[in-house]
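# Structure at a glance
Each chain, letter by letter, is given below.
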Amino acid sequence: MPSSLQTTPSSLQEARLATPGVSDDLLIAWLADELISKWSLELPIDLEMVAQLRGIKRVELAEMDAAGCLITRDGESTIKLRKADPAKRRVFSGFHEVGHTYMEGYQLQMQFRCSPFRTVKDPTEALCDTMASEFLLPRAYFLKDIEESEFTIASVADLSNRYAASFEATAIRFTMLGRDDWFLLRLERMNKPKDEFGAPPVLRAASIVPGAGRRAFIPRFKSLDEGDPLQAVLTDEEFDGITSLRGLTDGSTKYQVSAKFAPWLDMGTGQYRERVLAIARPMQPRRN
């Protein structure tokens, strides 16, 4: 391997040196915006165009376990994406691999997204996910769209179509770039690990994506009260209204919630999962 590949500073390293004290997430946003602005790229941002601008020769579909990988051989880089994934997910995975070209040493080894051989995401993978969001849902455009959008799941769906991004990726971006007290809640009908065999599954918190600057406050596997109106999403498909999210919280705060039924197929296990995605914000300050 040429020694120059090991000693040449990466784009992110150069940005760190030029602007000390700035977070990597913000540097990533600047780097993505710089490329988009320089080449006057229009929405939706084209993956293959960005890949070529970053020196990647080809973007190919392949039968593979990982969602995507970046391979460099004989000085040429190729992105391979999992053929079985939906098109919108493949685009996110592709931009993730483009993100590796901003990191140090990417040419020295094959890079994977959602690798079956990794159990914990390392910091570089997290930064590449951030880069994928910045290309797929560019901050300069998206912040303006948030200001002009209503706080509804329908607005998220409209933005998903505008940016040719998956609904979930758009919902995450919507809450993280919105106000600090917004959050995205993922609920699944499932059992908790300590349930007895044969116990009926109920709607539980699978994960929460808090707004910028906040920490998750709903533990995983907490079950939503059976009387909560959000339960209706499992049969009515959508919900827009006010609820206390009792069971997930102590019920002392009212939340404006907009949710939709969003089942998904676990590619790893082949299992169909009943899921609800909900954006939420408190109607009053949360008590200590």
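The following paragraphs examine the structure supplied in this document. (Residues numbered from 1 in each chain as written. Predicted model: local features only at pLDDT ≥ 70, side-chain atom pairs only at ≥ 80, totals over all residues. Heavy atoms only, no water.)

This part takes up helix α8 (residues 153-163). Residues of α8 that are buried: I153, S155, V156, L159, S160 and Y163. All buried residues of α8 lie within an arc of 150 degrees about the axis, which places them on one face of the element. Away from its buried face, by an angle of more than 90 degrees, α8 presents the exposed residues D158 and N161. A positive backbone phi angle near 55 degrees is found at A164, which sits one or two residues after α8. (Buried < 20%, exposed > 50% of the residue type's maximum accessible area, 1.4 Å probe, protein only. Helix = DSSP H or I, 4+ residues; strand = E, 2+ residues; numbered from the N terminus. Arc of directions from axis to C-beta.)

So, on to the side chain of R90. With respect to the element layout, R90 can be found in helix α5 (residues 87-100). At 3.3 Å, the side chain of R90 and the backbone oxygen of K83 are in polar contact. With sequence-adjacent residues up to four places away left out, R90 is seen in contact with L47, L61, L81, R82, K83 and D85. (Polar contact = N/O pair within 3.5 Å; in protein donor to acceptor, adjacent residues only side chain to side chain. Contact = heavy atoms within 4.5 Å.)

Pairing is antiparallel across the open sheet formed by five strands, whose spatial order is β6-β5-β11-β8-β7. Strand pairing shows two members of the sheet lacking a second neighbour, β6 (202-210) and β7 (238-243), which therefore form its edges. Recorded for the sheet is a direction-independent mean angle of 25 degrees between the axes of neighbouring strands. Relative to β6, strand β5 (residues 183-190) is paired through eight bridges, and the arrangement is antiparallel. Bridging from a neighbouring strand, L185 pairs with I208 of β6. (Pairing = 2+ DSSP bridges. Axes fitted to C-alpha atoms, helices over the stretch in contact; angles between N-to-C directions.)

Moving on: unusual backbone geometry. For residues that are not glycine, phi is negative in most cases, and the peptide bond is trans in most cases. Between L43 and P44 the backbone carries a cis peptide bond, its omega angle lying at -15 degrees. Along the chain, the position of P44 falls in the loop between α3 (24-38) and α4 (47-53). Here S40, not a glycine, exhibits a phi torsion of approximately 50 degrees, which is positive. Within the chain, A164 stands out as a residue other than glycine whose phi angle is a positive 55 degrees. Under the relative-accessibility criterion, A164 is labelled partly exposed at 28%.

It is worth spelling out the pattern of salt bridges at this point. Counting across every chain of the model gives 15 salt bridges. Notably, a salt bridge pairs E60 with K80, separated by 2.7 Å at the nearest N-O pair. In this pair, E60 sits in strand β1 (residues 56-62) while K80 sits in strand β3 (residues 76-82), placing the two residues 20 residues apart along the sequence. On the basis of relative accessibility, which here comes to 24%, the residue K80 falls in the partly exposed class. The salt bridge partner of R275 is E168, with a shortest N-O separation of 3.1 Å. You can see R275 sitting in strand β11 (residues 275-282) and its partner E168 sitting in helix α9 (residues 167-176), a full 107 residues away along the chain. On the basis of relative accessible area, R275 is assigned to the buried category, the value being 10%. You can call E168 partly exposed: its relative accessible area is 22%. Put simply, R58, E60, E76 and K80 are held in one network by salt bridges that share partners. (Salt bridge = Lys/Arg side-chain N within 4 Å of Asp/Glu carboxyl O.)

Turning our eyes to something else, we now look at the environment of E14. Tracing the backbone through its elements, the reader meets E14 in helix α2 (residues 11-18). The spacing of E14 and Y102 is 88 residues in sequence and 9.8 Å in space, taken between C-alpha atoms.

Let us now look at the packing of aromatic side chains. Overall, the coordinates contain eight aromatic pairs when judged by the stated rule. Considering the side-chain rings of F95 and F135, the 5.6 Å spacing of their centres and the 25 degrees angle between planes classify their relative orientation as stacked. Here F95 is found in helix α5, whereas its partner F135 is found in helix α6 (residues 123-136), with 40 residues between them in sequence. Given a relative accessible area of 0%, F95 falls into the buried group. Seen from their ring centres, F142 and Y163 are 5.3 Å apart, and the 65 degrees between their planes marks the pair as edge-to-face. Highlighted residues: F142 in helix α7 (residues 139-147) and Y163 in helix α8, separated in sequence by 21 residues. Both residues of the pair, F142 and Y163, belong to the buried class. Ring pairs connect the aromatic residues F95, Y102 and F135, which therefore count as one cluster. When the ring centre of Y102 is taken as reference, the NZ or CZ atom of R54 above it lies at 3.7 Å. Over the ring of F167 we find K260, and its NZ or CZ is 4.5 Å from the ring centre. (Phe/Tyr/Trp six-rings, centres within 6.5 Å; stacked < 30°, edge-to-face > 60°. Lys NZ or Arg CZ within 6 Å of the ring centre and 35° of its normal.)

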